[in-house]
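Structural features, examined
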Amino acid sequence: MQFPATRRPKLLRTITTATLTITTKRAAEQRCLALLHSCNTLPKLAQTHTYILKLGLQNNPLVLTKFASTSSDLHDIDYASSFIFSPDADTRLYDTFLFNTIIRAYAQTTHSRDQALSFYNVMLDYGVLPNKFTYPFVLKACAGLGNLNLGKSVHGSVVKLGFDDDVHVQNTMVHMYCCCNGGINYAQKVFDEMPKLDSVSWSAMIGGYVRLGWSSDAIGLFRKMQMAGVRPDEITMVLVLSACTDLGAFELGKWVESYIEKEKVQKNVELCNALIDMFAKCGDVDKALKLFRDMNERTIVSWTSVIVGLAMHGRGLEAVSLFKEMIGAGVAPDDVAFIGLLSACSHSGSVENGRKYFDLMIKRFKIVPKIEHYGCMVDMFCRAGLVKEALEFVQKMHIEPNPIVLRTLISACRAHGELKLGESITKQLIRNEPMHESNYVLLSNIYAKMSHWEKKTKIREVMDKKGIKKIPGSTMIELDSKIYEFVAGDKSHRQYKEIYEMVDEMGRELKRAGYAPNTSEVLQDIDEEDKEDALNRHSEKLAIAFALINTQPGTPIRIVKNLRVCDDCHSATKFISKIYNREIVVRDRNRFHHFKEGLCSCRDFW
């Protein structure tokens, strides 16, 4: 088409003006993006917000996406969303990238994950189609909320839109189901049906098992991962170490450390902290301390892991010394550090130090005590036999004592003869928690201590009527990369005949060495001989007998008890360590006991 000569200059001016306008807008857009990139405070973001309005870029998707991302980095995504979705906003140009940025930002918060789902629904209402990057963020929000039904609904949308074959979506799906109560079977199904599994897939499933406390399954799955030839990353190794810690699997934990070195897995701070925690809680706190000293970079978690580890091993003075070193290094202690410190004072019987540090926490560091701090103090008083002082402390607490604190009091009442007080507190607990088995067990044990056998029997009948079962005491031991578990009177093991023969031998050797069974620990109305027999069948003694049969003379024995070690087993193990010349390391529900040459590291502060 030919234009008349008279119209050509006018058309040229129009094209030139349009080009200049586009160029100017692009320059303004780039200027805004540069300003947003340099924003590191909320006041600067507010200034840039004003500048965006001044330039008329309040509906520009690229600028708004960067604005949302910057707000998220400054932990104020609400500010961005209120601007982007203000009543006068023109949302017609809003795209998937912008919505993904907002959804991701909310999914990463700890308090507003539900907003991620809200904006996902807004996205659908606006007719903006999600893509394969949308769903990992949406599923992460579902995981944070722990809402199984919501997660299943999003899963349905993923399938409907055809994104269910994307490995990143599948990995997040596995993680989501693992985080939802009752979702582990759905996670397993998604995992099993994935055509290609990468290290993230395996880590997500292993993490699901670890969260549920299925540590043996987590280790088993890690072994399958190795057989599949998938190289684990540092996240996988942190999870595997967590499983080792839970099981008390010291030898496996040592193998994991050597595997990390051999495979040159990147040892970031989180992995180093996991190694420290594993060694401390699997019985080798000196190795944990060495790893800590070798770290180039430490976080508060590094310090607290060692402080808590030393506390668990009864090395209270060292825990206090490390705490002082932390303060000297300019690291401000958090509430977890004080839990470790107060626990150290409790396990070492240092009541005065405990009082001093509890006051220091409040007055100098302005940390408001949590129930865990109060619990450490009550535990400390009770271990020292100061039951009345513990009760007064509980009565003066600024928050209501939880059942754990009250159960600590009750156990102390039973141990120190305050049986009527213990009975009164336990009855109060049963009124508050009528379906909690340990409350009934405590009351039953108090009645047994008082020799009120009829009342004890009645409590057991009430438990049976309500369908409440007592958690059985069990002891685990690791041998040749396998975990063996024993319960009292256990005959399920293929070596049970040899184990019981060794138990009988141990009994004879113990008596010859001067050991007298503490039959008050048997809370049954039976004669003394039957009580001694019952004590010999405790799970700790079965595990030790198994170890004596299957390990070389003189080698250490490490066992893990799910409950507190009873007085009789504690006394017997001291004798066994001397008779058989073995160091025996016992991790119970509360702490570590290192038995050697007839002595225990706890010095009976346990």
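The protein has the name DYW domain-containing protein in an unreviewed UniProt entry, where Fagus sylvatica is given as its organism. Database annotation for the protein, UniProt heading Sequence similarities (unreviewed entry): "Belongs to the PPR family. PCMP-H subfamily."

The subject of this paragraph is the overall build of the protein. Of the regular secondary structure elements, the protein holds 30 helices and six strands. A principal-axis box enclosing the C-alpha atoms of the protein has dimensions of 125 × 55 × 55 Å. The buried share of the protein, taken over its 606 residues, is 49%. Put simply, 63% of the contacts in the protein that link residues at least 6 apart link residues at least 24 apart. Total accessible area on the protein stands at roughly 30,500 Å², and carbon and sulfur atoms take up 53% of it. Across the protein, the centroid of the 78 positively charged side chains sits 6 Å from that of the 71 negatively charged ones.

By the assigned domains, the protein splits into domain 1 (300-356), domain 2 (369-470) and domain 3 (474-600). Distance between the C-alpha centres of domain 2 and domain 3: 27 Å.

This part covers the pattern of salt bridges. Scanning the model with the defined rule gives 21 salt bridges in all. Between Arg-293 and Glu-325 there is a salt bridge; the shortest N-O distance is 2.6 Å. Within this pair, whereas Arg-293 is found in helix α16 (residues 285-294), its partner Glu-325 is found in helix α18 (residues 316-328), the two being separated by 32 residues in sequence. When its relative accessible area of 40% is taken as the criterion, Arg-293 is described as partly exposed.

Attention shifts here to the pairing of strand β4 (residues 584-587). The alternating pattern of β4 places Ile-584 and Val-586 on one face and Val-585 and Arg-587 on the opposite face, and all of these are buried. Relative to β4, strand β3 (residues 557-561) is paired through four bridges, and the arrangement is parallel. Residue pairing in the sheet places Val-560 in a bridge with Arg-587 of β4. After leaving β3, the chain enters helix α30 (residues 567-579) and then returns to the sheet as β4, a path that is right-handed. Direction of pairing for β4 relative to strand β5 (residues 592-596): antiparallel, over a ladder of four bridges. Paired with Arg-587 across the bridge in β5 is Phe-592.

One pair of aromatic rings is described through two measures. These are the centre distance and the angle between the planes. Overall, the coordinates contain 28 aromatic pairs when judged by the stated rule. Residues Phe-323 and Tyr-357 carry aromatic rings whose centres are separated by 5.9 Å and whose planes lie at 75 degrees to one another, so their mutual orientation is edge-to-face. One end of the pair, Phe-323, is in helix α18; the other, Tyr-357, is in helix α20 (residues 351-363), and 34 residues separate them in sequence. Among the aromatic residues, those joined into a ring-pair cluster are Phe-85, Tyr-94, Phe-99, Tyr-106, Phe-119 and Tyr-126. Sitting over the ring of Phe-292, Arg-298 keeps its end group 4.2 Å from the ring centre. When the ring centre of Tyr-500 is taken as origin, the NZ or CZ atom of Lys-491, which lies over that ring, is 5.9 Å away.

The rules behind each value
Residues numbered from 1 in each chain as written. Predicted model: local features only at pLDDT ≥ 70, side-chain atom pairs only at ≥ 80, totals over all residues. Heavy atoms only, no water. UniProt positions renumbered as here; feature names shortened; annotations may be inferred. Helix = DSSP H or I, 4+ residues; strand = E, 2+ residues; numbered from the N terminus. Buried < 20%, exposed > 50% of the residue type's maximum accessible area, 1.4 Å probe, protein only. Contact = heavy atoms within 4.5 Å. Areas by Shrake-Rupley, 256 points an atom, 1.4 Å probe, with all protein chains shown as cover. Lys, Arg positive; Asp, Glu negative; His and termini not counted. Charge placed at Lys NZ, Arg CZ, Asp CG, Glu CD. Domains from an automatic or database assignment. Salt bridge = Lys/Arg side-chain N within 4 Å of Asp/Glu carboxyl O. Pairing = 2+ DSSP bridges. Right-handed = clockwise from strand over helix to strand, strands pointing away. Phe/Tyr/Trp six-rings, centres within 6.5 Å; stacked < 30°, edge-to-face > 60°. Lys NZ or Arg CZ within 6 Å of the ring centre and 35° of its normal.

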